[in-house]
Amino acid sequence: MDVVSSQTVSVEVNGTTYEREVEARRLLIHFLRDDLDLTGSHVGCDTGNCGACSVILDGTLVKSCMLLAIQADGARIETVESLAQEDQLSPLQQAFSDHHALQCGYCTPGMLMSATALLRENSSPSDEEIAKAIQGNICRCTGYWNIVKAVKAASGQEVEE
């Protein structure tokens, strides 16, 4: 007989409070995508390597495939859906578009959240600091240069084309 325990989880996601009963083994990424229908964060590797599932939890960048939903109980979570306001791209999202920092788009939500966390801590990062901040995100399309340019542009720095 399989016994699966569950727990009630209450989280604030992108400014909205949600309370749901979840299985103890449910990953945060699946809770966000399947239970809350916030599908912006992507499921990539399920091993914490690719960064496609990155979200900001209580001000800290985390990979949501590496956390159980019950570990987020009481937390404040920001997903990529929180970046655009009133159907307007955020400056960072616009910079990704302007500087061709996305191609297939699969890594983009994680890259955006990693860059958001960086820019909150360092409003004028160097190329090296940007590279370090996004090192937990794998992109198979862009070659990373345009992502670095986009983050730099979003910070208001001059970007060489």
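In case you missed it, the structure is sitting above this.
All values derive from a computational prediction rather than experimental measurement.

Asker: Account for the packing of helix H2 (residues 91–98) against helix H3 (residues 108–121), with residues named and values stated.
Answerer: Angle between the axes and distance between the axes are the two parameters that describe a pair of packed helices. Contact pair H2 / H3: the axes reach a minimum separation of 10 Å and the direction vectors enclose 125°. Accordingly, the angle class assigned to the pair H2 and H3 is oblique. In this structure, H2 meets H3 at a crossing whose hand is right-handed. For the pair formed by H2 and H3, the contact residues are Leu92, Gln93 and Phe96 on the first element and Thr108, Met111, Leu112, Ala115, Thr116 and Leu119 on the second. Of the residues in the contact of H2 with H3, the class split is six nonpolar, three polar and no charged.

Asker: Residue-level account of the state of the cysteines, with values.
Answerer: Summed over all chains, the structure comprises zero disulfides. Looking at Cys141, it has no disulfide partner, and the nearest cysteine sulfur is the one in Cys104, 3.7 Å off.

Asker: Tell me about the pattern of salt bridges, residues and numbers included.
Answerer: Per the counting criterion, the structure on display carries six salt bridges. Its salt-bridge partner being Arg25, residue Glu23 comes within 2.8 Å of it at the nearest N-O pair. Note on Glu23: relative accessible area 36%, which makes it partly exposed. Residue classification places Arg25 among the exposed positions, given a relative accessible area of 58%.

Asker: I'd like a rundown of the side chain of Ser64, residues and numbers included.
Answerer: For Ser64, the location among the structural elements is in the loop between strand E4 (60–63) and strand E5 (76–78). Among the polar contacts made by the side chain of Ser64, one reaches the main-chain carbonyl oxygen of Cys53 at a distance of 2.7 Å. Non-local contacts of Ser64, meaning those with residues more than four positions away in its chain, are made with Leu27, Leu28, Ile29, Leu32, Cys53 and Val55.

Asker: Tell me about the nonpolar core, and please be specific about residues and values.
Answerer: In this structure, Leu92, Phe96, Met111, Leu112, Ile147 and Val151 are the most contacted members of the largest nonpolar core, which totals 22 residues. At the level of secondary structure, the elements contributing two or more residues to this core comprise H2, H3 and helix H5 (145–154). Among the elements that line this core, the one with the most residues is H3, at seven residues. When sequence neighbours within four positions are dropped, the list of residues in contact with Leu92 reads Leu112, Ala115, Thr116, Leu119, Val151 and Ala154. Val13, Phe31, Leu57 and Ile77 belong to the second-largest nonpolar core, a separate cluster that totals 17 residues.

Asker: I'd like to hear about the pairing of E4, residue by residue, with values.
Answerer: Pairing geometry for strand E3 (residues 54–57) and E4, over four bridges, is antiparallel. If you follow Val55 over to E4, its bridge partner there is Val62. In textbook terms, the turn of a hairpin is the stretch between consecutive antiparallel strands, and for E3 and E4 this stretch comprises two residues, one of which, Asp58, has a positive phi near 50°.

Asker: Break down H2 for me, with residues and values.
Answerer: Among the residues of H2, those classed as buried are Leu92, Gln93, Ala95 and Phe96. Along the long axis of H2, the arc covered by the buried residues comes to 160°, so they all point the same way. On its buried side, H2 packs onto H3 and H5. Count one or two residues on from H2 and you reach His100, which has phi positive near 55°.

Asker: Outline the packing of H3 against H5, listing residues and values.
Answerer: Contact geometry of H3 with H5 gives a least axis separation of 11 Å together with a crossing angle of 40°. Our classification of the angle between H3 and H5 gives oblique. The way H3 lies across H5 gives a crossing that is right-handed. Across from Met111, Ala115, Leu118 and Leu119 in H3, the residues of H5 making contact are Ile147, Val151 and Ala154. Residues that form the contact of H3 with H5 fall into these classes: seven nonpolar, no polar and no charged.

Parameters and conventions
Residues numbered from 1 in each chain as written. Predicted model: local features only at pLDDT ≥ 70, side-chain atom pairs only at ≥ 80, totals over all residues. Heavy atoms only, no water. Axes fitted to C-alpha atoms, helices over the stretch in contact; angles between N-to-C directions. Helix = DSSP H or I, 4+ residues; strand = E, 2+ residues; numbered from the N terminus. Parallel < 35°, antiparallel > 145°, perpendicular 65-115°, else oblique. Left-handed = near helix turned anticlockwise from the far one by under 90°. Contact = heavy atoms within 4.5 Å. Nonpolar A, V, L, I, M, F, W, Y, C, P; charged D, E, K, R; others polar. Disulfide = S-S within 2.5 Å. Salt bridge = Lys/Arg side-chain N within 4 Å of Asp/Glu carboxyl O. Buried < 20%, exposed > 50% of the residue type's maximum accessible area, 1.4 Å probe, protein only. Polar contact = N/O pair within 3.5 Å; in protein donor to acceptor, adjacent residues only side chain to side chain. Core = buried A, V, L, I, M, F, W, Y, C linked by side-chain atoms within 4.5 Å. Pairing = 2+ DSSP bridges. Arc of directions from axis to C-beta.

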